[in-house]
Amino acid sequence: MLQHALRTVRDGLLGLAYPEECRVCGGAVESWDDGVACAACWNDANVTRLIHSSVCAKCGVPTSRTLGGAQPSRPKAGSRLCGMCSALPFAAARACGVYSGALEVSILFLKVNPHICSRLRLLIARTFSEHREALASEVVVPVPLHRLREKQRGFNQAAIVASAISRKFNLQLDDHSLVRTKATERHRAGLDATDRAKSVEQAFTVSEPRLIAGTSVLLVDDVYTTGSTICAAARSLLEAGARQVNVLTIARVG
Ligand SMILES: [Zn+2]
Ligand SMILES: [Zn+2]
């Protein structure tokens, strides 16, 4: 009976939201589990590139690129620092892969549809497992939207990701203590990194510091772009007494 009901819901969703064409290559998406990209696009190396390649132990940028050297054979993930991130407030940041292809279209889809396909859910879980030591946290906190923006959109896409991680790894979810007080545009065109950093300065506050004080927080967002939003949120959490802040995003730009 329940199964029948679930199938009906799923088929209804299929009819409403399931695309027939991969939003990356136009090929056929053959499984509901793959969401808006086809299996071939999910198998592209960029999608999982940051899980196993050599990344900066702190900020998660691929170190082979920043150091200019060739990819070493069988690099140990997180074994070295890029040398550019010492001022960043978080302890460690990781992402599944590069913001392109299947990850990009899935993130764009997530901004209008509060749904993460199984393929992406597994990928996020794999990334967290692989970097669990670096990302060790007790509380999962999504980067909040301003309440007006959230009302407009109907949900916060970062909270969907945070809730998936919290359920999968049995970590406490806190999606209300960190609050966005400024309705700044996240991706306003024409803003360079400095302007963007200024526009999110003091954009966050912690409404209930007692829930955050002394804890290691896993701060979750859909995409790490310049890092200014995530750093502003991390600073707020640290000012509220968080022991440390780690960051997990689905993708990072560059
Ligand atoms: Zn495709
Ligand atoms: Zn770094």
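Quick look at the structure, then. (Residues numbered from 1 in each chain as written. Chains lettered and ligands numbered in written order. Predicted model: local features only at pLDDT ≥ 70, side-chain atom pairs only at ≥ 80, totals over all residues. Heavy atoms only, no water.)

## So, the overall build of the protein
Consideration 1: A tally of regular secondary structure across the protein gives 11 helices and seven strands.
Consideration 2: Out of the 254 residues belonging to the protein, those deemed buried represent 48%.
Consideration 3: For the protein, the share of sequence-separated contacts (at least 6 apart) that also reach a separation of at least 24 residues comes to 73%.
Consideration 4: Accessible surface computed for the protein: about 12500 Å², of which carbon and sulfur atoms make up 52%. (Helix = DSSP H or I, 4+ residues; strand = E, 2+ residues; numbered from the N terminus. Buried < 20%, exposed > 50% of the residue type's maximum accessible area, 1.4 Å probe, protein only. Contact = heavy atoms within 4.5 Å. Areas by Shrake-Rupley, 256 points an atom, 1.4 Å probe, with all protein chains shown as cover.)

## Notes on the packing of helix H6 (residues 118-130) against helix H8 (residues 157-169)
Consideration 1: Close contact between H6 and H8 brings their axes to 10 Å; oriented N to C, the two are set at 65 degrees. When the axes of H6 and H8 are compared, the crossing they make is right-handed. Contact residues: Arg121, Ile124, Ala125, Phe128 and Ser129 in H6; Val161, Ala164, Ile165, Arg167, Lys168 and Phe169 in H8. (Axes fitted to C-alpha atoms, helices over the stretch in contact; angles between N-to-C directions. Left-handed = near helix turned anticlockwise from the far one by under 90°.)

## Comments concerning the side chain of Ser166
Consideration 1: You can see Ser166 is positioned in helix H8.
Consideration 2: For Ser166, the contacting residues outside a window of four places in its chain are Val140, Leu171 and Leu173.

## Here's the deal with the coordination of the zinc ion (ligand 1)
Consideration 1: Looking at the zinc ion (ligand 1), the protein donor atoms are Cys22 (SG), Cys25 (SG), Cys38 (SG) and Cys41 (SG), and they sit 2.3 Å from it.
Consideration 2: Geometry at the zinc ion (ligand 1) is tetrahedral, judged from the four donor atoms that bind it and their angles of 107 to 116 degrees at the metal.
Consideration 3: Donor residues for the zinc ion (ligand 1) sit on one chain with the sequence pattern C-x2-C-x12-C-x2-C. Within this pair, whereas Cys22 is found in the loop between helix H1 (2-17) and helix H2 (39-42), its partner Cys38 is found in the loop between H1 and H2, the two being separated by 16 residues in sequence. The residues Cys22 and Cys38 share a single accessibility class, namely buried. (Donors = N, O, S within 2.8 Å, 3.2 Å for Na, K, Ca; no water. Tetrahedral: all angles 85-135°; square planar, octahedral: opposite > 155°, others 65-115°.)

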